Amino acid sequence: MSVTLDRGMSLPAADAAAAERRTMLWFLVWGFSALMIGAAIGPLQALNYGGFNAYPYLRPVLQSYYQGLTIHGVLNAYIFTFFITCGLLVYLPARELGLSPNMTLWRLCFGMMAIGTLMLLYAMFDNSSSILWTFYPPLKGSPFFYLGMTLVVFGSLLPLPIILDLRARWKAQRPGELTPLVTYMSAATMLMWLLAGVGAGTELVVQLDPWALGLTDTIDPMIARTLFWWTGHPIVYFWLMPAYVSWYALLPKQVGGKLVSDPMARLTFALLLVFSLPVGSHHQFTDPGFSQIWRGILVALTLSVALPSLITAFTIGLSLEYAGRLRGGRGWIGWFTALPWRNASVAAQVLAMLTFIFGGAGGIVNGSWQLDTLVHNTTWIPGHFHITVGTATAMTFMGVAFWMVPHLTGRKLFSPGLALASVWLWFVGMSIFALGMHWSGLHGVPRRAWVSYLPQSVYERLYGSAHLPLALVAVGGVILWLATIALYVVFVGTLFGRRLATPVPIPFAQAFGGRESYAVGVGETPGREPAGIVAHPQLSPLAKALEHLGLLTLLTAVATLAAYIPIFWPFVTHMTAAHGWKVW
Ligand code: HAS
Ligand code: CU
């Protein structure tokens, strides 16, 4: 692999830019490699629900459904997403501001996550740690698993100081000006992730690592679960917010329009920062030890966290409509069909949005305690997260890769037709899969269950009523396999593809010139891409108020403590001590 140099730059600047591109490319390559392995295993689980047990044929590589499921979840949910996010949220702000990021920290971030990933792979493939992506104790994996996870989590926090440093340097040159949008969004995302990381960070360092290393004998599972969900809920926004960065700040340009409101984008990110943290225990509606009052409060908080996504739906929907009408689209849906659907990057992201409408609706069902008691621990839940992180996020990252790999390498996107096919296959496969998963969940089919291991007669007796939805799950899984192969060919083909004559720029969008905001070019450095969007402070009191990210973070920290002190109190005053289990 090689990277292109910007023309007309001095040698040190060109070297620095090339180093940034190379590093960003490594983040993409590791992220997508994780996805390839993780996604290749997914269909085995879909076939499991369809009644076909593939695992006996896969020994010695995979011993059980649970081992496969652990590898699938860890690689897709953590490794794929973290590498892409920790790359994008440094690279895009640096380019937007026209400044160089702190490369030492960025490489340290990569190195920690890479070593952590290798440790996790070792622990998972040797079947010592088939403890699923939630790694709930008292299930006990090998020290490599927990130490690897610790490195990955702490490594993933390092983009925060890099972004804050970039922002501070930029602001020092332009006192009183608002942070440009991409940098604002990236900083808000990472501040959210810092507070989120306190939960899993504490669980790993205080409970799991010493326990796995034999320094302690027992562990408190309820405290561990609650700490896990402290992080486990906001992590879903750590997956979603980088996708939103692309939807708000890049996609409007890719479809030939503008973002209709810069301050609304900022408001969305500020609200996601504040609301994501205190609601984690909505994953524990059916756990013991929570008062009825708290469950009720959690419902209200959960419905609040859906609000910024509803704002996003309208703001992005209008931005797409604006572009569609500029492109000649007429009538109720003509603007939608007029979007550049042949562009695989655009198709990936708009299809991701369409899917997310259903993912969001399902989330609101889950967030309603009474309804959650019906769907919790059934296949409905994996149905939900495959159309949120598995599509809204994953397809957006694919869409970003389709322009970004050419941008970084100076090589042509390999087979745009196959790229488009991979996107549609993913969309169709995931839609069928998720329909089947939600539907069979309503029939009471449990999630995380090796149902195909059962004798045929027992499988039929228990799940016969869910025959059709379970068949859909298997069919969707097989289509997703084809999507993954197509994606893999395009990704690798592009890395080694033909050279481009002209460089691919970063598609930074401009904000619509409404009453509240207007667009100005900022941070244009010779030889770098023209940069992003900024709302004029005088014209947008909202954008100006939201500039106080430190204050918002403090507010979030206080709200999080207010939520978690009463939740932890009964657990801390009634501690339990469990020994480790190995049930696989
Ligand atoms: Fe969730 C469980 C509630 C969003 C991921 N969620 C999970 C798990 C995962 C996950 C991985 O309250 C399972 C974890 C496990 O292993 O147990 N979720 C919500 C709510 C939202 C939500 C209220 N989830 C997400 C996102 C995820 C994600 C995002 C990943 C990226 N979820 C829950 C709850 C549980 C749960 C409970 C626990 C359940 C249980 O029993 O265990 C909200 O944030 C959703 C808001 C979203 C919307 C949609 C807005 C639509 C947009 C697209 C617009 C379209 C356009 C196109 C512009 C309201 C932005 C326009 C074109 C046209 C033609 C119209
Ligand atoms: Cu959640």
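Throughout what follows, the structure given in this document is the object of discussion.

Rules of the game
- Counting starts from 1 at the beginning of each chain's written sequence and moves along it residue by residue.
- Chain labels run from A onward and ligand labels from 1 onward, assigned in the order the entries are written.
- Two thresholds apply to this predicted model, a pLDDT of at least 70 for residue-level local features and 80 or more for giving and counting side-chain atom pairs, whereas whole-chain, interface and lining totals are computed over all residues.
- Water and hydrogen atoms play no part in the side-chain values, which are based on all heavy atoms of the structure.
- Elements are defined by DSSP. Helices are runs of H or I of four residues or more, strands are runs of E of two residues or more, and each kind is numbered from the N terminus.
- Atoms counted for the radius of gyration: C-alpha only. Globule rule: 2.2 Å times residue count to the power 0.38.
- Burial classification: accessible surface area is computed with a 1.4 Å probe over protein chains only, and a residue below 20% of its type maximum counts as buried, one above 50% as exposed, and the rest as partly exposed.
- Should any heavy atoms of two residues lie within 4.5 Å, those residues are counted as being in contact.
- Every accessible area reported is derived by Shrake-Rupley at a probe size of 1.4 Å, with residue values counting cover from the shown protein chains alone.
- The angle between two axes is taken between their N-to-C directions and runs from 0 to 180 degrees, where each axis is a line fitted to C-alpha atoms and a helix contributes only its stretch in contact.
- Here the word oblique covers every angle except those under 35 degrees (roughly parallel), over 145 (roughly antiparallel) and from 65 to 115 (roughly perpendicular).
- For this classification, Asp, Glu, Lys and Arg are treated as charged, while Ala, Val, Leu, Ile, Met, Phe, Trp, Tyr, Cys and Pro are nonpolar and the rest, including Gly, are polar.
- Ligating atoms shown are N, O and S within 2.8 Å of the metal, or 3.2 Å for Na, K and Ca, and water is not included, meaning a site may look less than complete.
- Think of it this way: one heavy atom of a residue within 4 Å of a molecule or strand is enough to make that residue near it.
- Under the rule applied, a polar contact is a pair of N or O atoms within 3.5 Å (in protein, one hydrogen donor and one hydrogen acceptor; residues adjacent in sequence only if both atoms are side-chain atoms).
- Side-chain rings of Phe, Tyr and Trp, where Trp is taken by its six-membered ring, are said to pair if the distance between their centres is within 6.5 Å; with planes under 30 degrees apart they count as stacked, over 60 as edge-to-face, and otherwise as tilted.
- In this analysis the charged atom, NZ for Lys or CZ for Arg, is taken to sit over a ring once it is within 6 Å of the ring centre and within 35 degrees of the ring normal.

## Remarks on the overall build of the chain
Phase 1 of the analysis: Tallying secondary structure elements over the chain gives 21 helices and zero strands in all.
Phase 2 of the analysis: Over its C-alpha atoms the chain spans a radius of gyration of 23 Å, differing by no more than 12% from the 25 Å that the globule rule assigns to 584 residues.
Phase 3 of the analysis: The buried share of the chain, reckoned over its 584 residues, is 62%.
Phase 4 of the analysis: Within the chain, contacts between residues separated by at least 24 positions form 82% of all contacts whose residues are at least 6 apart in sequence.
Phase 5 of the analysis: Looking at the chain as shown, the accessible area adds up to about 21800 Å², and 71% of this sits on carbon and sulfur atoms.

## Focus: the packing of helix 16 (residues 389-409) against helix 17 (residues 416-442)
Phase 1 of the analysis: Axis separation between helix 16 and helix 17 bottoms out at 11 Å; the angle between their running directions is 180°. One element, helix 16, and the other, helix 17, form an angle in the roughly antiparallel class. Note on element contacts: helix 17 touches helix 16 through Ala419, Ser422, Val423, Trp426, Phe427 and Met430, opposite Gly390, Thr391, Ala394, Met395, Met398 and Phe402.
Phase 2 of the analysis: When the residues that make up the contact of helix 16 with helix 17 are grouped by side-chain class, the tally is nine nonpolar, three polar and no charged.

## A closer look at the coordination of the copper ion (ligand 2)
Phase 1 of the analysis: Coordination of the copper ion (ligand 2) by the protein comes from His233 (ND1), His282 (NE2) and His283 (NE2), over a distance range of 1.9 to 2.1 Å.
Phase 2 of the analysis: Between the copper ion (ligand 2) and the iron atom of ligand 1 there is a metal-metal distance of 4.5 Å. Taken together, the residues span a long stretch of sequence, with His233 in the loop between helix 7 (221-232) and helix 8 (234-249) and His283 in the loop between helix 10 (262-276) and helix 11 (292-326) at a distance of 50 residues.
Phase 3 of the analysis: Taking relative accessible area as the criterion, His233 reaches 4% and is therefore assigned buried.

## Comments concerning the site of ligand 1
Phase 1 of the analysis: Close to ligand 1 lie 32 residues; Tyr237, Asp372, His376, His384 and Arg447 are nearest.
Phase 2 of the analysis: In this structure, Trp133 approaches ligand 1 through a side-chain N or O atom, which is 3.0 Å from an oxygen atom.
Phase 3 of the analysis: Broken down by secondary-structure element, the contributors of at least two residues to the shell around ligand 1 are helix 8, helix 11, helix 13 (344-367), helix 15 (380-386) and helix 16.
Phase 4 of the analysis: With seven residues, the top contributor of residues to the shell around ligand 1 is helix 13.

## Some details on the packing of aromatic side chains
Phase 1 of the analysis: The tally for this structure, following the rule as stated, stands at 41 aromatic pairs.
Phase 2 of the analysis: A ring pair is formed by Trp30 and Phe83, whose centres lie 5.6 Å apart and whose planes are at 35°; its orientation type is tilted. One end of the pair, Trp30, is in helix 1 (residues 11-49); the other, Phe83, is in helix 2 (residues 65-97), and 53 residues separate them in sequence.
Phase 3 of the analysis: Between Trp341 and Trp424, the aromatic rings sit 6.2 Å apart at their centres with planes inclined by 40°, giving tilted as the arrangement. On the criterion of sequence distance, the pair formed by Trp341 in the loop between helix 12 (331-337) and helix 13 and Trp424 in helix 17 is long-range, its members being 83 residues apart.
Phase 4 of the analysis: An aromatic cluster is present here, built from Tyr78, Phe82, Trp133, Phe135, Tyr136, Phe145, Tyr146, Trp193, Phe228, Trp229, Phe238 and Trp239 joined pairwise through their rings.
Phase 5 of the analysis: Taking the ring centre of Trp211 as reference, the NZ or CZ of Lys140 above it sits at 4.6 Å.
Phase 6 of the analysis: If you follow Arg225 out to its NZ or CZ, it ends over the ring of Tyr136, 4.3 Å from the centre.

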